[in-house]
Amino acid sequence: MSGKPKLYYFNGRGRMESIRWLLAAAGVEFEECFLETKDDLTKLRKDGSLLFQQVPMVEIDGMKMVQSRAIGNYIAMKYNLYGKDLKERALIDMYVEAVIDLNKLLMTHPFQPADKKEQHFATIVDKATNRYFPVYEKVLKDHGQDFLVGNQFSRADVQLLETLLMAEECKPDILAKFPLLQSFKARISNIPTVKKFLQPGSQRKPPLQEKDVPKLMKIFH
């Protein structure tokens with residue numbers, strides 16, 4: 001396949017949102033094919049498009065790529081968002097993996113049963129403010145650069161910003177005790193490609209609402 005990457009997923013964030021962020025940050029235009037029904041997913045499975053029978057799936061450079069980490073790695077490498085050497089790549093991977101762990105907590109909040117929501121919210125806040133954010137705050141302080149790794153924009157910056165904004169949607173003052181993360185958020189948000197993605201009308205998806213959950217369950221279960 002030539003031309004724009006084509007993303008196959010439902011019309012929402014989920015595991016595809018970080019891939020949208022990476023492509024947008026790299027300044028790459030992409031197309032989206034939204035799964036609306038279970039039949040749409042079944043068709044992709046039957047025609048052999050999904051190596052492991054699941055989405056996200058991205059058509060790029062003649063490949064039908066699945067597994068969100070593999071897709072993210074490929075995009076980061078292709079568009080120079082993966083550091084300048086093996087050591088920088090190792091740091092980027094460590095920072096991104098931790099971001100993914102927190103992102104999963106944030107993503108799954110709307111799916112929690114009513115009697116578990118309060119505890120799940122408390123877990124998000126605890127993990128964010130006591131485990132994850134202090135580490136990134138220290139990294140920024142010790143590194144003394146505008147970016148998390150080296151002195152250039154990388155996948156780690158993109159995915160940390162995505163998750164900081166998600167955390168603020170969950171709790172608006174969650175960064176109150178992290179001044180360097182607040183500065184980082186403002187700085188990375190002003191990179192032209194990122195700024196464009198943050199504007200209304202972009203392909204960035206809104207937070208998942210509880211009312212959307214039944215529709216998703218019908219597609220995937």
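Everything below is about the structure shown above.
The notes below deal with the structure included here. (Residues numbered from 1 in each chain as written. Predicted model: local features only at pLDDT ≥ 70, side-chain atom pairs only at ≥ 80, totals over all residues. Heavy atoms only, no water.)

### Focus: the sheet that holds strand 4 (residues 63-66)
Basically, it comes down to this: Strand pairing requires that DSSP identify at least two bridges connecting the strands. Secondary structure counts use DSSP, requiring at least four H or I residues in a row for a helix and at least two E residues in a row for a strand, with both numbered from the N terminus. With axes taken as lines fitted to C-alpha atoms, and helix axes fitted only over the stretch in contact, angles between N-to-C directions fall between 0 and 180 degrees. Throughout, a residue-residue contact means that at least one pair of heavy atoms, one from each residue, lies within 4.5 Å.
Within the open sheet, the 4 strands sit side by side as 2-1-3-4. Their pairing is mixed. The two strands at the open ends of the sheet, each matched to only one other strand, are strand 2 (31-34) and strand 4. Going across the sheet, the axis of each strand differs from the next one's by a mean of 20 degrees, ignoring polarity. Packed onto the sheet, helix 3 (residues 68-78) meets strand 3 (57-60) and strand 4 and runs at close to 125 degrees relative to strand 4.

### Some thoughts on helix 5 (residues 117-143)
Along an α-helix, residues three or four apart share an orientation, since each turn contains 3.6 residues. Rules: A helix is expected to reach a length of 1.5 Å times the quantity of its residues less one. Note on bend: the value at a residue is the angle between axes fitted to the seven residues ending there and to the seven starting there. To sort residues, take the accessible area from a 1.4 Å probe on protein chains only and compare it with the maximum for the residue type: under 20% means buried, over 50% means exposed, and anything in between is partly exposed.
If you check helix 5, its first and last C-alpha atoms are 37 Å apart, about what 27 residues at 1.5 Å a residue would give, namely 39 Å. Its maximal kink placed at F133, helix 5 deviates by approximately 40 degrees, while the proline P134 follows within four residues. Of all the residues in helix 5, the buried ones are K117, H120, I124, V125, A128, Y132, F133, Y136, E137, V139 and L140. If you follow the buried residues of helix 5, they end up packed against helix 4 (86-108), helix 6 (155-170) and helix 7 (179-189). Backbone geometry just downstream of helix 5 places G144 in the positive-phi region, at approximately 70 degrees.

### So, helix 1 (residues 17-25)
Summarising burial for helix 1: 9 of the 9 residues are buried, a large majority. For helix 1, the set of buried residues is E17, S18, I19, R20, W21, L22, L23, A24 and A25. Just downstream of helix 1, G27 is the residue with a positive phi angle, here 80 degrees.

### Some thoughts on the side chain of E32
For the record, the criterion: Polar contact is the term for a pair of N or O atoms within 3.5 Å; when the atoms are in protein, one must be able to donate a hydrogen and the other to accept it, and sequence-neighboring residues count only if both atoms are side-chain atoms.
For E32, the position within the fold is in strand 2. There is a polar contact of 2.7 Å between the side chain of E32 and the side chain of R20. Polar side-chain contacts of E32 include one of 2.8 Å to the side chain of K205. Residues within four places of E32 in sequence aside, it is in contact with L7, R20, Q203 and K205.

### Brief notes about the pattern of salt bridges
Cut-off, in case you're wondering: By definition, a salt bridge exists where a carboxyl oxygen of Asp or Glu is found within 4 Å of a side-chain nitrogen of Lys or Arg.
Here the structure, examined in full by the defined rule, presents 17 salt bridges. Of the charged contacts, one joins K138 and D142 as a salt bridge, the two residues approaching to 2.6 Å between their closest N and O atoms. Pair noted here: K138 and D142 are both in helix 5, with a separation of 4 residues, about one helical turn. Each of the two residues, K138 as well as D142, counts as exposed. With its nearest N and O atoms 2.9 Å apart, the salt bridge here joins E168 to K185. Here K185 lies in helix 7 and E168 lies in helix 6, a separation of 17 residues in the sequence. Owing to a relative accessible area of 18%, E168 belongs among the buried residues under this scheme. Connected through salt bridges with shared partners, the residues E17, R20, E32 and K205 form a single ionic network.

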